[in-house]
Structure formats: C-alpha cells, structure tokens
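# A structural walkthrough
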Amino acid sequence: MESKKIECDTYNYYGSKPEGEIQTREIHKSPSARVEKSRQLYFETKSSASVEFPYWYTRKWEELEGEIPIVRRAEALKAGFEHLTPAIFPGELLVLGKSHYLRGSYPMPWLSEAFFMAHEDRLYKDALEAGKVSADEVTTMGQGGGNVTKSIGNVLSIAGKFGLRKEEMPILLDVAKKWHNKSVDDVGHKYEQLVPGYHEKEEIMRAVICMFDSGYTLPQGREVMNYYYPLQYGIEGIKNICDEKLKQAAGYPGMDRIYFYKSVYTMLEGLQSWIKNHAEEAKLMASLEEDENDKSEYLEIAERLEWLAINPPRTFHDALQLVWIFHVAVLNEDAISGLSPGRLGQVLYPFWKRDMDKGILSRERSLELLECMRMKFTELDCFASMGVVGGVLSGNTFNNLCLGGLTKDGESAANELEMLILESAMTCDTPQPTLSLLYDEKLPEEFLLKGIECTKIGTGYPAWINNRVAMEFLLNNFKNEGMTLEEVRAWSIGGCLETSAGSWMPLDLDGVTHYIPGGSAPATSVGVHFISLPKVLEAVLFDGLDKRTGRRVYPAHGYNLESYEEVWKAFQEYFSLTVEVLTLTNNIQHDVWGKISPSIINSMLKPDCLETGKDISNKGSRYNRTFNVEICGGVNLVNSLASLKKNVFEEKNFSLATLKQALEENFGYISALETGSYSLTEQKQTQNFQTWLKTHKQCLDAPKFGNDNKYVDNIFKEWQEWFSGMCENYRSLYDEPLYSCQISVSTHGPMGAVTLATPDGRLGGTTFADGSVSAYPGTDQNGPYALFSSATCYNHASSQNSQLNMKIHPSVIKGREGARKFLEMIRAYLRKGGFHVQFNIVDSRMLKDAQQNPDKYRGLMVRVAGFTQYWVELGKQIQDEVIARTEYAEI
C-alpha cells in the first residue's frame, strides 16, 4: 500500500510564533565545584542492579521457617542491611545509598518473581551470549542517559533500564525460584481468582485498560515521610521505647503488639550495623587518602555515622544525614515510588537556625549541603517491571519536597531555609527532589517571587499547589478519623501529586518545642491504578470487545447506542464494573502484602504505629482512608463524548457505524506504532485518506476542552461529579471508601499506544492528553485564561488532585516584569479554585533538536506530569507528547 508522510514543521502555538534562533532559558546557575563533580559522575553512570540484598534476605527468610511472619520479615531485612557492601563516593558530604552502586537498586522477588521465572530461558541465554555483542554497539547505550537498554559485554539489561553483571544472573534466578508460589504476587493471584468478576479483571489487564496491579508492584509510596522519631530520640532511643512498649504489651489484649515491637527493635539493629559498616568504610578511605582535607572529611563522616548509629542529631548536618538514612532505609524495605520528604525545610529549620545563630554554619555551607542532598535523591532508582519503570514512572522516583503552606497556628510556614532549598534547586538543577510550592494568600511576596525565579529555570519545578483546596479535600476525606483544621495544615504532597495527610509532631530542642510537620498516613495511591478512559469508551462502541486483540473484555452491554444518553450509560456501567473487580482483587493483593511483606521501618516512623503497636497494614497509622481510583485520558474521553454528541446524535454529520469504521481505519492514517510518531505532528496517510478526510475534520472541529466552551465543559463537569461520587461506592480492605485521583504520570503514552483512534480526532496509537485538566495538544486555542475557566468548571476539592501542565516560551516571562506577570497568572488560576499547575519554560524547537541530537542535551530536563526527568531518559511516546503541547508565546 502506498503511503504519504505528512510532516508538520510548525508547532502548536498560542500567540506569535517565535522567530530567529532557538531561545535558551533565562536563568543559569551552577553548583559548588564539589557537587558539579558529583553531577558529572552521575551523568557517566548507568542504572545498575545488585542481587546482594535479595540473596541475604532470602537466605535468612528460609532459615526462619515457622517464625512469626513479621518477626521473620524483620530478621530477613536485618540480614539484608547488614550485608550491604558499604560504598562512599568521592566528595560526598551525605552518604549511604540503596546499594553499593551510585545508581543502584535491586529486585525484590518476595513481592514478585514472575518476570524472572517467565524470562528464565532468555536471561540464561543472554548471560551466555552477552559477551559476543560487538563493542561497536556500546555507544547506543548512551541514547537513554543512564538507562541500560540492551545487554552489552558482561552486563545484562533488565527491564530495559538496569544493568546486571552476567555472573550474578544465575544467583538472581536461583533466589527468584525460592519465591515461586510464595511471593505476594503468586499468593495474591491464587486468592484473587476466587473473586466474582476475576475473568473480566484478567481481560481488563490484557487490554491495558488498567495499567498494573498495585499490591505487589508498588505496595508503598505516594506518601510523605515522617522523620520525627529519629530526630527526637535517635535510634537507640527508639529501641528503648520498644523495650518499654514490649513490657506493657505482654498481657491481653493484642498479642500482635509484642511481635511488632520485637520486629522494630530487630530492624533497628540491622540499620545500626548498616550505618556502622559505612563508618568503617569512611575510616578505611581516610587511611588510604593522601590529601589532608579529604582525609579529614572521611574522618568526619565516620564520626558522624558512629554518633548517629546511636544518638539523635547534634547539628543541621547531622539532622540532614539522619533524615537521609531513614529515607533510604524505607526505600530498601519495599518497592516504592513517590516516597516524599514532605516539608523538609520546616522539619529541619530548628536545627539549621540554631547552627546559624551559633555561627557554626554559613549560608554557603548550607547551600552546598542542600546541593549534595539533591544529588543523593537524584541517584535513587526504583526497580520494577519495564511497564512500570518506563510506562508509568519514566525512570523517576517522585520524591516531592514541599515548601510554604501554613503553620500549626495558621500563619505562613515559609522560612529562610526554604529560600535556600529553592536556590539549591537552581544551582543544582537535577530531577530530584522535585519541588511543590503550597500556595496560600498568607505567603510573603518575596517567597513567591523566589518560587517564580526557580520555575523560570525551566526544570518544571516548583509545581504550584492550592493549599486551601487540598485542606478542604483532606478535611472531608478524613473527617471520620478525627481530622481537625489545625491538623490538616500539616499536609503535604506524596509522590508526584497525591494529597497526603500529615500531623504536627513536638520536636524538643534546647528546651524549646517546635511543631514540625510529617506524614501520618500510609501510601495514598494503592487502589485501582490508572484506568484508560478512552479504551473503556472504545469497548462501549464495540460492545465489549478489544479491537486490538479481538478478545472480549466486558459482557455485551445490550444497548443499540441510538442516543448520546445510551453511550454515556453504557460507559458508566463498564467503568463501574472495572472499578468493582479491580477493587476486589486489589484488596486481596494488599492483604497478602501485609501478611507476607509488612512494612516495619515505615510503620515505626508513622504516627501512631509506635504508640499502638500496629503496623501500617493493621491500620496503625493515624489516617487510613488512602485507597483511590486513578484514571488516564479524561480529556480525550470528554472531547470524544462531545464529538459523538454533536456529530452523531445532534447534527447527524455521520452515523455511528460510519464513525466506528473510521476509527478502525484510523481516519486514513498508518498507526503510530508503525510510524514511531506518537503525536499528530508527523503522520503517514494511507490510500484511504481521502475517504475519511471530511469525517476526521468534523471530529477535530468538534468542541474541545480548554477553550471556555460550555458545550464540552459541561460534559467534563458531569463526568467529574459522577466519577468522584461513584468512587465512594467501593471500599478498601480497611473498610474505608475510595476516592478519585486524577494524574497521568507517564501512562498516557503506553495506554494511548494500545487504543484505537478516538471520536475526538486523535489517531490510533498516539499519546493521550497528559494530566487531568491539560488540553489535548494544540486544541487550546483561546489562551491561558480560557483554559483556566475550563479547568475550574468543577470543584477540585472533590478529588485527591487535578493536574494542569502548560508550556511557555522563555521570552514571555523574561525579566522582573515578566516574573510578576507570571505570578499573577498563576494566582488567577489558583484563586479560581484550581488545585495544581506546572510549567515547561522552553522553546519547543529546542526539544525537537534534543530529540534528534540527544548527546548535546544530556542535562536538559522537562516537566512531564507531576515530575521532572532528563529528556534523554524519556521514551519517545512522552517526548512526542511534550513537544506537541501548545506553547504559549503570550500570556
């Protein structure tokens, strides 16, 4: 079949098209020389997997057959930590990591060993043949930044991201086999088959209507850390608390408390060994070092670690190191994405202010320590399947550091340390930790303008969050668990954009009590993970079939679809069935997780687990209504419904049968999966192009969300109100109602890839609109304020979040006047009731050049959907979508 390639050499603009050379970002800053060396080392490093931790974990687990499960788990984790090879890298001021690699992680077969079992033959073959791969192909590994995309030489590629030494592969496969029929995945799968609707659930997963199961994939995360107990008591102090609690728990009722406190104590012993092993490594490094300054730094590291293995911190540097130790410790006990440090600048401010007042800490040293912290967070990797790492996370770990908001007493919580955190994000512009500014009218203008300055560097952070909308959601969501106005002010963002409950903890320092905020709820996104709304609509139009595979996903709905109301009703029924079966099976998976792989470190940190002697999976946290329903492609759904309503049922421009044929024939274009182009800017026509030209134009011309058009905005409002309400019909395993969550992360890429063309004119295989209230690329034609009106056509406090991504040309917000205009635009949206907005400040032509010449742009970062990532580490699906987003050349 002959085809014709259509290339669009223009981009989607609002306002005048930029002319001349590609414009770079206005603000450029640099980190300290020490940190710049660390960053360059990071750029040269590949993501690496180790089997060290899983080997020792599994060995100890097998030794303790018959032990109380949570105690057995604690002993296995302790063995893993004790045997981690210590590694300290040159110039580090903060130490310890997930493994001995700079960008290291490891698989957790106790959660799921299925990938390794299913690919055993191929992995063994790779281990034997990897050395035969030509050295000429080594350079291709650099195309993905730190991603190890193919096996090379002595290194095997795992999940398209991690490199594993081939001699470790037999060990990994041997360890994985030991978890066959014992992992959370296997045991959960055994019992979820008993659930009514299990058959539909499996077909939903095959059709990629749901992105992934959460019980064994990412059972924790999308939550906020609480660092209070180690900062206040130190590790030995927490062990003493466990001793006292054990004595009190020795009687009836609640014998499980004994096992919990025993497990926490055991786990802390493992952390102490881990810390002390690094102290010994620092001493060894000092003994080998000839430079006196470097020797002194290694000895200081050793002394600090020896102190923190037992005691609470003495200084800001101590406190920052201890916070980091516990952050990594939690990451090492589970597969986690989105473990957020929360409002860290407010947590550490008492230590920082004391050191500054004493004259033992300078602003310059503070900034360098914060830059070092940014590098440590950026080095984190999450080991999961390719679908999760690439299709959902885009290699990101979502460590969200929040700024601003209100104090316990309702005053501005912004402080000098947070100003330095913003500065460090400009001098050391790395993906992690991402920043969110909790906007409130009480925040000072100087602080907000600092946030604007940081946004203008083009890294996509801070995201701007409506503090009052979040508080309203949390008060409504946790009212039955005792949430108060004072307590709700301690909230923060967990993960990329998940609103998470917090509490004020009384930190006593030098006889003064400081109330610091910290997370007090478990993972806030562990419900139904990402339902593809356009794919559900596709199933409606084709009576329950997945046209890509030809398999039946849903029972025939029985409607003739002779009216818009019938289409909408059939969609509601299929969507409700999807939520029902996924909730039931998800509850089983998470119950099994709590029995086989319960959280111990994270539970110990979260109020009120240590007080009650209950871990997270037994509702030990203060707030437990944290299960949600996540969606993707909402704007494409609504645009498609508007097109159906207008073109088919009102104006009768074509019949539904004609539209369905047009969708199956992709409006006369070759599928994006064949062309490798995932937006509308570059596509290839087929011979049937002229047949569907008029139909396609009518679909594209139908009302589109993002233009302050009541026709489509009213459909969007109806969808939002129905969705948020229906979620409460389903309950988590904690017997709490679910709530709605509206973020896309990177799922709009792979979910778009498996979906036919849609009635809004989107082509088959192309990426959906990002976020939840972002316009589909190129369809927002009436300017930012029209987009704001569409986005706020419903109450954002009815959902855990909403997500608006915008792209602005750097020239529009240049200078102080441009900065103030930018701030007023953000204010206007948030004052209208918007929950969230974030920006790419970039010339689209630069992104296209970076796609074609990645080696020139190793440090280029962009905002995707709730997170920032290096451009070269994003998949092409997401790159194409970001390029295609409307670029505002006027605001």
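Residues numbered from 1 in each chain as written. Predicted model: local features only at pLDDT ≥ 70, side-chain atom pairs only at ≥ 80, totals over all residues. Heavy atoms only, no water.

## Some thoughts on the overall build of the protein
When helices and strands are counted, the protein shows 34 helices and 26 strands. Since a compact globule built from 891 residues should have a radius of gyration of about 29 Å, the 26 Å found for the protein is in line with a globular shape. Counting only C-alpha atoms, the protein reaches 75 × 65 × 65 Å along its principal axes. Considering the protein as a whole, with its 891 residues, one finds that 66% of them fall into the buried category. Counting contacts in the protein only where the partners sit at least 6 residues apart, residues at least 24 apart contribute 77% of the total. As displayed, the protein offers around 30000 Å² of accessible surface, 49% of which is attributable to carbon and sulfur atoms. Here the protein contributes 94 positive and 118 negative side-chain charges, whose respective centroids are spaced 1 Å apart. (Helix = DSSP H or I, 4+ residues; strand = E, 2+ residues; numbered from the N terminus. Rg over C-alpha atoms; globule rule 2.2 N^0.38 Å. Buried < 20%, exposed > 50% of the residue type's maximum accessible area, 1.4 Å probe, protein only. Contact = heavy atoms within 4.5 Å. Areas by Shrake-Rupley, 256 points an atom, 1.4 Å probe, with all protein chains shown as cover. Lys, Arg positive; Asp, Glu negative; His and termini not counted. Charge placed at Lys NZ, Arg CZ, Asp CG, Glu CD.)

## Looking at the sheet that holds strand 10 (residues 434-439)
With respect to topology, 7 strands assemble into an open sheet ordered 2-26-22-23-11-10-9, the strand pairing being mixed. Of all the strands in the sheet, the pair left with one neighbour each is strand 2 (13-14) and strand 9 (400-404). Each of strand 9 and strand 10 touches helix 17 (residues 416-427); the most contacted strand, strand 9, lies at about 135° to it. (Pairing = 2+ DSSP bridges. Axes fitted to C-alpha atoms, helices over the stretch in contact; angles between N-to-C directions.)

## Things to note about the confidence of the model for the protein
With 93% of its residues at a pLDDT of 70 or more, the protein has an overall mean of 91. With pLDDT under 50 throughout, residues 1-10 is counted as low confidence; its partners more than four residues away or in other chains account for 24 contacts. Counted against residues more than four places away or in other chains, residues 127-143, with its pLDDT under 50, gives 23 contacts. (pLDDT = per-residue confidence, 0-100.)

## Considering the sheet that holds strand 19 (residues 628-632)
The strand order 16-19-21 describes an open sheet built from 3 strands, whose pairing is parallel. The strands lining the two open edges of the sheet, one partner per strand, are strand 16 (528-532) and strand 21 (739-741). Taking the axes of each pair of neighbouring strands and ignoring which way they run, one obtains an average angle of 30° across the sheet. In this structure, strand 19 lies alongside strand 21, joined through 3 bridges in parallel fashion. Counterpart to V629 in the pairing with strand 21 is S740. Relative to strand 16, helix 21 (residues 533-541) is tilted by about 55°, and along the sheet it contacts strand 16 and strand 19.

## Section: unusual backbone geometry
For the peptide bond that leads from Q432 to P433, omega is -15°, which places it in the cis range. Following the sequence through the fold, P433 ends up in the loop between helix 17 and strand 10. In this chain, P607 is followed by D608 through a cis amide linkage whose omega measures 10°. Relative to the assigned elements, D608 resides in the loop between helix 23 (601-605) and helix 24 (609-612). A positive phi angle, close to 55°, is found at N666, a residue other than glycine. With respect to the secondary-structure elements, N666 resides in the loop between helix 26 (656-664) and helix 27 (672-675). The phi dihedral of V745 is positive, around 50°, even though this residue is not glycine.

## Some points on the nonpolar core
The biggest cluster of nonpolar side chains holds 263 residues, and the ones touching the most others in it are L348, W464 and F575. Here this core gets 14 residues from one element, more than from any other, and that element is helix 22 (residues 564-596). Sequence-distant contacts of L348, defined by excluding residues within four places in its chain, comprise L231, F316, A319, L320, V323 and L417. Residues A49, F116, L156 and I158 belong to the second largest nonpolar core, which totals 13 residues. (Core = buried A, V, L, I, M, F, W, Y, C linked by side-chain atoms within 4.5 Å.)

## Some words on the packing of helix 33 (residues 844-852) against helix 34 (residues 876-884)
Between helix 33 and helix 34, the shortest axis-to-axis distance is 9 Å and the interhelical angle comes to 155°. Classified by the angle their axes make, helix 33 and helix 34 are roughly antiparallel. Considering how the two elements wind past one another, helix 33 and helix 34 form a crossing that is left-handed. Between helix 33, through S844, L847, K848 and Q851, and helix 34, the contact on the second element is made entirely by K876, Q879, D880, V882 and I883. (Parallel < 35°, antiparallel > 145°, perpendicular 65-115°, else oblique. Left-handed = near helix turned anticlockwise from the far one by under 90°.)

## Considering the packing of aromatic side chains
A full pass over the atoms with the stated rule returns 38 aromatic pairs. Ring plane angle 75° and centroid distance 5.5 Å describe the contact between F43 and Y870, whose orientation is recorded as edge-to-face. Of this pair, F43 sits in helix 1 (residues 33-43) while Y870 sits in strand 25 (residues 868-870), and the two are 827 residues apart along the sequence. What makes Y870 buried here is its relative accessible area of 0%. In this arrangement the basic side chain of K408 is found over the ring face of Y515, its NZ or CZ atom lying 4.6 Å from the centre. A cation sits over an aromatic face here: R858 above Y870, 5.1 Å from the ring centre. (Phe/Tyr/Trp six-rings, centres within 6.5 Å; stacked < 30°, edge-to-face > 60°. Lys NZ or Arg CZ within 6 Å of the ring centre and 35° of its normal.)

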